[in-house]
Structure formats: C-alpha cells, structure tokens
Amino acid sequence: MRDNHCKLIERGPAQVWTEAFPIGNGRLGGMIFGGIRNERIQLNEDSLWYGGPKGNDNHTSSEKLEEIRRLLKDGRPKEAEKLALLHMTNAPHYFGPYQPLGDLFIQVEGADNALNYQRELNIQTGVASIDYQVGTTQYHRDIFSSAVDHVVVIHLTASKPAALSITARMSRRPFEGDIKRESFDILTMQGQAGEGGVRYAAVLQAVVDGGEILVVGNYLDIRHANSITLIMAAQTSFRCKDPYQEALRQAEGAASIPFAELKRRHVSDHRQLFDRVKLELKGDDEEQLVQCPTSERLTNYRLGRVDRGLEVLFYQYGRYLLIASSRPGSLPANLQGIWNESFTPPWESDFHLNINLQMNYWIAEVGNLAECHEPLFDFVDRLLVNGRQTAKNLYGAKGFVAHTMTNLWADSGIFGAFTTSNIWPTGGAWIALHFWEHYRYNGSESFLRERAYPVLKEAALFFLDYLIEDSYGHLVTSPSLSPENSYITEGGEKGSLCYGPSMDSQIIYALFSACIEAAELLEHDRHLQEQWAEVRSRLPKPQVGRYGQLMEWSIDYEEAEPGHRHISHLFALHPGEQIVPHRMPELGAAARRTLERRLEHGGGHTGWSQAWIANFWSRLGDGDKVYSSLQNLLSKAVHPNLFGDHPPFQIDANFGGAAAIQEMLLQSHAGEIHLLPALPLEWSTGRVTGLRARGGFTLDMEWSQGRLLEAKIRSIREDTCVIYSDIPIEILDSHDELISVELVDKRYLFKVPVGVTYRIRLKSNSSNN
Ligand code: FUC
C-alpha cells in the first residue's frame, strides 16, 4: 500500500489531545503524544465507566400512557411532554460516563537538543513510532496495543549502548488510584469507579536489555539500558472477578515474550484485517505530499490544495479506527471509540442509539471488517434482556425496547431530561437491524437462527403492542419523536413529542420486512409473519409535503428547525431501502429536496451530520454532491489527528465519512449490486479491492475517466448475483469465456460458483449513455 495512504506523520510532539495518535486493540486504547523528554500516553479501557447500572424504569408510566397519547392526538404537546417527563423518565436522569483509565508518563533523561524528530502512526501495521537524534545517538520508540497479547507495548531503543535512562509513572488525576510496587519490575494502580462501579487495575511491567530497574514509590526507574520494553495491562471487574490478578497475569505473559515476537504477531494480526481493502486514486501519490505532516496537509486541503492521498488516508483511517476500537470480545465503539481523556465527556461518551452507534458500524460489512461488527451483537444481547423489562415496566408491552442512550450496563430506560431526544422507543429496533445486515452479507443460517432472528423478533413484538391507530387508520408510534427536531402545531405550539414520526414508521417497516423474510427462510412463526405483513401495510408510507420534501411527521407540520442536523426522515433512503430513487423517481426527488432544504437552512453542521448527508447523496447517485460533502467534512469537521469533530471530538464522523466513500464505489441494497454508483469527477480514475456486497460477494474494481474498466467478483455462496447497470455489461468466467446472463430491466442475473473469480466489464461497443 502506498506510504501516504497508511501513515499519519508529524514533526513535533502533540501539544493537545486531538494531535495525539490513537492506538487500540478494541479494548485497550492509548493516545500517544510523543514528547521527547516527557512522553504521555493517555490510556483507556473500554469497560471503565463511572457508577453501576441505573435500571430504575419509571413505574408510573403505564398509568399515564393513555393520557399522554390523548394529549398528543389533541395537538397539546406541551402538556404531554410535561407528563411524559414526570412519569416516563428514569431516576436519576443520567447514568455515569465512560472514564479514562489514566496516563502513563515516561520521563526520558539526556533528551535535550533533540534533532530530526518524527512522529508516525502507521495504520497498516497498527504501530506508532517516535524517532529523534541527540548528538550522534538515534532514539526510537515503537508503541502499539496488541489484540493478540491484550497489552499496550512501548519499546524504546537507542543506537548506542546503555543510552536509555527513564522513569515511568501512572496517574489518574484527579481520581488517583492506589499505586503500589508489586515486584522489582512491576508497578500497579487500582481503584473503583464510583459506588457500584467497576473496580479497575492497571499493571506496568518493565523488561530491559542491560541496565537496572528499580521500583520506588510511584516510579519505575530504569538506568543505562540498551533497550526497554514497557508492558501495560489493564482490566476491570466488568470482565473478571479479580482485575488485579488478571492484569498481572496478562502483563507477565507478554513480558515473557521477546519484543520482536510481540510486534510480529501484532502486526500480522492487524494487517490480516486492514489489508483486505485497498483503495487507490489517480493522483494520490504526489511525491511532495508523502513526507508532509498530516496536519499541514489538512490545513492546505482547507485552503483548496488538491490531495487525493489525504482523502484515501481518511477512508483507511476509518477502517483503522474500527479495528482499534471494536474487536471480538470488546465493547462496541462508543461516541469516542475507546479514546477519552475526560472524566466528564460530552454525552457521557455513551452509546447513542438515534444515529451515532449505528453510524459507527456502517463501514464494517462493506469494508471487509465483519468481525469488528461482533461487539455490537454481544452488547445488544444484553440490551435485549434489560429491554424486555423496560418494555413491560414502561409500556406493558411484550418484546424489547431501547431508547436514545445506553451505557456499559446496557440500560434500556428513558435517560436524559430533554423531550427533543429522550422519549424515543425505536433505538432497539434500529440497532436490531444490524444483525439482519450482518446476515445479508455472510448468509450464515446459524447466525440468522441463533443470533439475529431472536433479537429482530423481540424488537418487532414490542411494536405489535406499542403501535396505535391514528385518525387515518394508520398504525403509528406514540409517544415518540423525530430525533431531535421539533414541529409547530396549527395552533402555533412547539412540540417535540408526537405520534407517527416518519423515521419510526420507516424503521418499523424495515424491521417487519426483515422479520418476515427471516421467518420465511427459517420456516418459523407463520402466524407472526402474517401479522407483521398486515401491520406493515398499515404503517404511514413516505409522503411528499408542502415544500416538495419528505414529510418528517405523519402530519405535514412546519419544522421548528428546517436546518436541523438530524435528517431522520431520510432513513428510508439510507441506511434503509424503502426509497430506491431510480425505481421511485418521485420519492427520490422528495428525498433530494429534503436534503437541499436542510442544507439551505444551515444543516450538516456537525461531523456526523455531514457524513450522513454524504451517504444520502451516494444513495441518490450524485457523486459530485457526495464529494463536496466529504470535502466539507475534511475541511470543517476533522481534528489535526484526523479524528472527527462534532465539535468536540466524536468518532461517528470518521466511520460515517468512510462509509459514504464505500457507498460511492459500491451499493448492494434493494436486491441489486451497483458498481461505481456515485463516482465524482475528482475520483474519475482509480481502483479498489476487497469491498463486500450483500449476498456473499466480494468485489475489486478498476475504473478510468469515470467508466468501469473491469470488476472482479467472488462469492462465498452459490447465490444469484444481480447487477444493475445503465450501460450494457458482459461477464466472463475464469477461462475468459462470456457467460450467459439473464437480463431483466437493466438487471443482469447470473451465478458465481464458490471460490471462482468472474470478471465484469462494459460491453465493448457501449457508450456512457
Ligand atoms: C445526538 C446528536 C448530537 C450528538 C449526540 C451524541 O443527540 O443530536 O449532535 O451527536 O447525539
């Protein structure tokens, strides 16, 4: 892979947190500042949250549900909201936030007057490094977080013998844990994150070549070593009974392995995921830019400098961040992935279910990182258990429900004090659809039967009980809201709680459709299939409103904020597929108008919102608009270390932006694969390998001057492949023979045998139109 696609480079240490480089193994994260005399590695462990579960559902809810619904029907949202706040919200309103594990500080002696400094993060190997020179001695540090050995490894070397003297200490200011000497080469820190919260332990062990180690007070003191390996392990009682012993065991295990071997197996494990997708664009290898500091490239990009390499780097960085923050066995990536330096992070750095957690996973399947999706499924399995209870307590309903926010403990109640966001019972349904997506890509019947269907079914059972009839005979949610916008009633009252927000109807449509298809495939629940189909047919359909926009609510209200960052009612366009623009031109036009209106009124002002907009444009097939959204994202919503910006830092912009790039190159929803569906002019020549499509297909594509040169397709299942193409295409088998295809309405149907590569190209005499 080209160098400038896989390296973040700086010529100086980070001055602020958003200049530091992130590393992670899914569970254990570090932000590397790269100080010469004072190295700081800010540390996180994904299960270190403050406080315990807050499962107190408000038991007075069911008494007031009817009244709240009636007030909403009568157009009196203010009164409904007051009642809902009193009778439906959880006490306390907020759960404890995700917390830092602490800092590792390394003080390096004899590092004055350093020259030729370079700090790098190689996203292909998952290793950060620091280089500098003092006099004639070269100093080097390698730092990585290993998913194989479950530790952060910091390796320091010098080109001269006995040139390394350091002191290292751990800190968790202002909530310092107990620091103690475990043995001559091990320092530990332990504590508890609030009453009922997890107990945590961090272990720092040193291994030296030459020199001596002392553990004194709060310090690990190392003199005159040739090389030093520091091993950092951490655990909490969320995963083990005795986090101290477990962290100690992991540190000692890693310390017994030579550094070269620790690094070799980490790099090979990381690359096994990372290398699956390669993207190259014409002009992305400009010599001048390869050695240019990333933050400088970003500044120049903002000023209009063309930098295709930076665009590719941003894409691959999204994949890197997912590998680093979500690996089998870890928690899902939260609002900040796993990287958080604050004890009071924005929105508790939680799991937000009204767009953010879902967006974090949009790259997983297409970007060939399906394993990184798994932590989400484990998490939702726990949410399901709590959500059953909440469904019963709050609504007297079957199945499971989850609302806008959740946490380490998978609490499912109504948190928060604002009715623009909190009383939204559709978070669980949306997240359940991720199981269905995972199945659509891998086709594993056992996953569908054992993991996906039970969750989908319980999400759907909830809505069979929860939906009520509106005055048009439609079945709608109530109370609910359209995240996080408000509307103006005919009487001029501003409300956020409502009945029948379009997003809910669209999510429930997608959920019931998935349930019906899954149940048919598994030959389960005949009766439920019929019931779901009947209810689905009575949901409000996407409708065009007074401005030619898609209606955000089942009534064509004025929006209180026409430029709102959430564009929830376009769920049907993306990630849903109820609106397929080339088959439904009217709804496609309304979706476009919705986007235009939001943007005319200042929409897209947060990183994730811009990223979602880019995905919408991709689904509308408008490559130039996607490109300008991505340019906006990179110019306005990215920190110097390329972390997405809300502001402040929020990781969904990284994942959502990378997902939009994938959607530009390949789409496979609504039963057909589109090759290069939204290619912008600026990306008219390039190639990509390893993208995945629904149905078990993997694709490589090469294109020039905006036209496909060739695609290669492989399959893990003997399933029919359907390619939609405006331009005639032909398909060749592995012997370069044309295969016969069935062509129906620009859809090419054929089978790809398992383990064989077929080639797709434009018919030689076809032109662009
Ligand atoms: C939703 C958004 C905010 C933010 C928060 C974490 O509430 O409206 O912009 O992303 O989630």
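Only a predicted model underlies this, so the values are computations on that prediction, with no experimental measurement involved.

**Remarks on the site of the ligand**
Okay, step 1: Around the ligand lies a shell formed by Leu335, Trp347, His352, Asn354, Asn356, Glu484, Arg565, His566, Trp608, His646 and Gln650.
Okay, step 2: Between the ligand and the protein, one listed contact pairs an oxygen atom with a side-chain N or O atom of histidine 566 at 2.6 Å.
Okay, step 3: Within the side chain of histidine 646, one N or O atom sits 2.5 Å away from an oxygen atom of the ligand.
Okay, step 4: Considering only residue class, the shell around the ligand consists of 3 nonpolar, 6 polar and 2 charged.

**With respect to the nonpolar core**
Okay, step 1: Core analysis: the largest hydrophobic core is formed by 233 residues, its most contacted members being Leu230, Leu279, Tyr395, Trp532, Leu665, Leu675 and Met701.
Okay, step 2: Among the nonpolar cores identified, the runner-up in size contains 19 residues, and Val127, Ala201, Ala255 and Phe259 belong to it.

**Regarding the packing of helix 9 (residues 374-395) against helix 11 (residues 445-466)**
Okay, step 1: At a closest axis distance of 11 Å, the pairing of helix 9 and helix 11 adopts a crossing angle of 20 degrees. Here helix 9 lies roughly parallel to helix 11, going by the angle between them. In the crossing of helix 9 with helix 11, the sense of the turn from one axis to the other is left-handed. Between helix 9 and helix 11, the contacting residues are Phe377, Asp378, Val380, Asp381, Leu384, Arg388, Ala391 and Tyr395 on the first element and Phe447, Arg451, Val455, Glu458, Phe462 and Tyr466 on the second.

**Quick notes on the side chain of glutamate 663**
Okay, step 1: Locating glutamate 663 in the fold gives a position in helix 17 (residues 652-665).
Okay, step 2: Judged by its relative accessible area of 9%, glutamate 663 is buried.
Okay, step 3: Aside from chain neighbours lying at most four places away, what touches glutamate 663 is His574, Asn615, Ser618, Arg619 and Pro677.

**Some thoughts on the packing of helix 16 (residues 623-636) against helix 17**
Okay, step 1: The contact between helix 16 and helix 17 brings their axes to 11 Å, and the two run at 160 degrees. Taken as axis vectors, helix 16 and helix 17 run roughly antiparallel relative to one another. For the element pair helix 16 and helix 17, the recorded crossing hand is left-handed. Each of Val626, Leu630 and Leu633 in helix 16 lies in contact with helix 17, whose residues at this interface are Ala653, Gly657, Ala660, Ile661 and Met664.
Okay, step 2: Classifying every residue of the contact of helix 16 with helix 17 by side-chain character gives 7 nonpolar, 1 polar and no charged.

**Observations concerning unusual backbone geometry**
Okay, step 1: Cis geometry marks the peptide bond from proline 483 to glutamate 484; its omega dihedral reads -20 degrees.
Okay, step 2: Secondary-structure assignment places glutamate 484 in the loop between strand 21 (475-476) and strand 22 (487-488).
Okay, step 3: Unlike most non-glycine residues, alanine 162 shows phi in positive territory, near 55 degrees.
Okay, step 4: Locating alanine 162 in the fold gives a position in the loop between strand 9 (151-158) and strand 10 (164-171).
Okay, step 5: Here alanine 162 falls in the partly exposed class, since its relative accessible area comes to 36%.

**A closer look at the packing of aromatic side chains**
Here the distance between the centres and the angle between the planes together describe a pair of aromatic rings.
Okay, step 1: Per the counting criterion, the structure on display carries 30 aromatic pairs.
Okay, step 2: Measuring from ring centre to ring centre gives 5.8 Å for tryptophan 17 and phenylalanine 643, while their planes differ by 45 degrees; the resulting arrangement is tilted. Taken together, the residues tryptophan 17 in the loop between strand 1 (7-10) and strand 2 (21-24) and phenylalanine 643 in the loop between helix 16 and helix 17 connect sequence positions 626 residues apart. Each member of the pair, tryptophan 17 together with phenylalanine 643, is buried.
Okay, step 3: When the ring of tryptophan 339 is compared with that of phenylalanine 643, the centres are 5.9 Å apart and the planes differ by 45 degrees; the resulting orientation is tilted. Of the two residues, tryptophan 339 is situated in the loop between helix 7 (308-325) and strand 18 (351-352) and phenylalanine 643 in the loop between helix 16 and helix 17; the sequence distance between them amounts to 304 residues. As far as the burial class goes, tryptophan 339 and phenylalanine 643 line up, both buried.
Okay, step 4: An aromatic cluster is defined as three or more aromatic residues linked by ring pairs; in this entry it consists of Trp362, Trp430, Phe571, Trp612 and Phe616.

Conventions we followed
Within each chain, residues carry numbers counting from 1 in the order of the written sequence. Two thresholds apply to this predicted model, a pLDDT of at least 70 for residue-level local features and 80 or more for giving and counting side-chain atom pairs, whereas whole-chain, interface and lining totals are computed over all residues. For the side-chain quantities, the full set of heavy atoms in the structure was used; hydrogens and water were omitted. Here a residue is considered near a molecule or strand provided that any single heavy atom belonging to it is located within 4 Å of it. We define a polar contact as two N or O atoms separated by no more than 3.5 Å, with the added condition that, inside protein, one atom must be a possible hydrogen donor and the other a possible acceptor, whereas residues neighbouring each other in sequence contribute only through side-chain atom pairs. Residue type decides the class: Asp, Glu, Lys and Arg count as charged, Ala, Val, Leu, Ile, Met, Phe, Trp, Tyr, Cys and Pro as nonpolar, and the leftover types, Gly among them, as polar. The nonpolar core is taken to be a set of buried Ala, Val, Leu, Ile, Met, Phe, Trp, Tyr and Cys residues, with the residues joined through side-chain atoms within 4.5 Å. Throughout, exposure labels follow a simple rule: accessible area from a 1.4 Å probe, protein chains only, divided by the maximum for the residue type, with under 20% read as buried, over 50% as exposed, and the rest as partly exposed. Axes, fitted as lines to C-alpha atoms, cover a helix only where it is in contact. Angles between the N-to-C directions of the axes lie from 0 to 180 degrees. Put simply, DSSP H or I for four residues or longer makes a helix, DSSP E for two residues or longer makes a strand, and each gets a number counted from the N terminus. Note on terminology: angles under 35 degrees are roughly parallel, angles over 145 are roughly antiparallel, angles of 65 to 115 are roughly perpendicular, and the others are oblique. Crossings are assigned a handedness: left-handed for a near helix turned anticlockwise from the far helix by less than a right angle, right-handed for a clockwise turn. It only takes one pair of heavy atoms within 4.5 Å for two residues to be counted as in contact. Aromatic pairing here means that ring centres of Phe, Tyr or Trp (its six-membered ring) are within 6.5 Å. Orientation follows from the plane angle: under 30 degrees is stacked, over 60 is edge-to-face, and everything else is tilted.

Spatial relationships are all this shows, so hold off on functional conclusions.
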